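Here are the chains, one letter per residue:
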Amino acid sequence: MNGALNGIKVVDLSRLIAGPYCGMLLADMGAEVIKVEKLTGEDTRHVPPLVEQDSLYTVALNRNKRAITLDFRHQKSKDVLTRLFKWADIIIENFRPGTLEKMGFKTDQIHEINSSAIIVRCSGFGQTGPLKHRPGFDPIAQAMSGLMNMTGRSEDPPLLSGTSIIDYSTGMHAAIGALSALHHRNRTNRGQVIDVSLYESAVSMLVSAIPNYHLNQSIPKRTGNQDRYSAPANTYQTKDGWIYLNAFNDRLWLKLCKAMQMEDLATDERYENVSLRVQNVNEIDDIIQQWLAEYNREEAAELLDKYGIPCGPVQSVGDLLSDEHLREREQIINVNHPTVGEIPVSGITIKLSDTPGKIRYDPPLIGQHNQEVYLNELGFEEEEFNKLKEDGVI
C-alpha cells in the first residue's frame, strides 16, 4: 500500500533537528526524500550519543531517507543542486538566511528552474526582520520567547525543557506549511516559499499568556509541576516513584475526595471551587502527598483510574521501551542500523487509516545512496559521476 505522499519528491538540504524532522515526517507519509549532506556528513552525525561513530540523532531523524553527499562550496556543486531542484517537489533548507543566495540560488532563481517547487526555509528568526542574521538554536528560542521564564519552580532559575521542543514544533510547522503549499499547487501548479522560525514557533506556544499580559499585565510565574489555573494538578511521590494527577474541576475534585476517603474535603469551604483550591493549593498538595505516599506508583495509578481521575506515572525512557500500549500502537518500533543492527526509535505518530505511514528505508550511512541517486534519479552518466567523485564534489 502506498503512503499518502507517494510520488512526492523531497530534497532535504537541512541539518540538526528542525529541518530533518520536517523531512522525516514527509518521508514517513510516503514522500521520496533525498538527504543531501557535506562529504563528512551533516553536523548532527557527530553529536553524542554515538553508535559506531554515528549520532543517534541521525538514526532517529533520517529514517525513510536516502542519503547522498555534496560539497556545497565546490564550484561544480551548482550543477548538482540545479538537477536536484528540478527533480524536487519540495526543497527543505535551514541554512542561516542569505546562505542559499550566496550559493547562487535565490528563491526566484529556484522557481525559474522549477516553477512548481515548494521551498521550505527553517531558521532561527525567519528570513526577514532585524534579527534574521542571528544563528538560532532551540534553547535560545525557549529563552527569548518567554517559555523558559515560565518553566521551573519559583525559587529556581528559569528552566530549559528536557527535550528540543522548539526544534520539533518548528519541524511540524514546516511540514504543515509544505502540505498546505502542496494543496495550493494542486490547484495552481505554482510553488511558493514557506518561512518558519524557531523563535516564532516558540512564541506560538504562549497562547493565552500574550493577551493576558496585555489586559492584566500578568507575567506567568514559574509554578513547577503545579497548574497555573486549576488545583489539584501536580506530581506526587509514591513509595517507588512519582505520579501526576489532575483533578481540575469540581466534579473531579469530588471524585478524588472519594478515592482518598476524605469526602469531608469536598464540602470544606476552603476548597469549594477551583479559584479557592488554587489559592490553597499547597495545603491540598500536602494532603494528597501524604495519601499517595502509602501506595506504590502502579497501585496509585490503578486506584485513580478506577475513580476516573486523569493521571499518569512519571516514566523514564526505559519504562517506555516496555510500555505495552506504545508497542501495540507501534509508537516504539525497531529500525535497522547498517552496522549495529536493530535499534528502537519512536514510531510514526500520525496514524492514517487508508494510507498509513511505514518504514521503507532504514537510517542511511553518509552517502550510502550516492550511486543510486546520482545515476538513476538525477541522470548523471557514469563517467560524470566518477568525475564528481574524483574532483571531491561528492
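Residues numbered from 1 in each chain as written. Predicted model: local features only at pLDDT ≥ 70, side-chain atom pairs only at ≥ 80, totals over all residues. Heavy atoms only, no water.

**Overview of the sheet that holds strand S11 (residues 311–313)**
Rules: DSSP-based pairing: two strands are paired if at least 2 bridges between them are found. For the purposes of this entry, the term helix denotes a DSSP run of H or I that reaches at least four residues, the term strand denotes a run of E that reaches at least two, and both are numbered from the N terminus. Axes, fitted as lines to C-alpha atoms, cover a helix only where it is in contact. Angles between the N-to-C directions of the axes lie from 0 to 180 degrees. Whether two residues are in contact is decided by their heavy atoms, any of which lying within 4.5 Å being enough.
Taken in spatial order, the 3 strands of this open sheet run S9-S10-S11, and their pairing is antiparallel. Single-partner strands in this sheet number two, and they are strand S9 (233–238) and S11. Shown here is a sheet whose adjacent strand axes are inclined to one another by a mean of 20°, direction ignored. The sheet strands contacting helix H12 (residues 281–292) are S9 and strand S10 (241–246), and the helix crosses S9 at an angle near 30°.

**Focus: the sheet that holds strand S2 (residues 32–37)**
Taken together, 6 strands build an open sheet; the order of strands is S5-S2-S1-S6-S7-S8 and the sheet is parallel. The sheet terminates laterally at strand S5 (65–69) and strand S8 (193–197), the two strands that pair on one side only. When strand polarity is set aside, the average angle formed by the axes of neighbouring strands in this sheet is 20°. Pairing of strand S1 (residues 9–12) with strand S6 (residues 90–93) involves 3 bridges; the strand directions are parallel. Residue Val10 lies in a different strand from S6, and its bridge partner there is Ile90. On top of the sheet, helix H1 (residues 18–28) reaches S1, S2, S5, S6 and strand S7 (118–123); it is set at about 150° to S6, its chief contact. Its contacts with the sheet place helix H16 (residues 370–377) against S2 and S5, and it is angled at close to 90° to S5.

**So, the side chain of Asp285**
Quick note on the threshold: Partly exposed residues are those whose accessible area sits between 20% and 50% of the maximum for their type, while under 20% is buried and over 50% is exposed, using a 1.4 Å probe and protein chains only. We score Asp and Glu as negative and Lys and Arg as positive, and we do not count His or the chain ends. What makes a salt bridge here is a side-chain nitrogen of Lys or Arg within 4 Å of a carboxyl oxygen of Asp or Glu, nothing more. N or O atoms within 3.5 Å of each other form a polar contact, as long as, within protein, one can give a hydrogen and the other can take it, and as long as residues adjacent in sequence are counted only when both atoms are side-chain atoms.
Here Asp285 shows up in helix H12. It is Arg277 that comes nearest to the buried, bridge-free Asp285 among opposite-charge side chains, at 10 Å. Side chain to side chain, Asp285 and Asn234 meet in a polar contact 2.9 Å long. Among residues more than four places away in sequence, those in contact with Asp285 are Gln226, Pro232, Asn234 and Tyr236.

Structural measurements only, silent on function.
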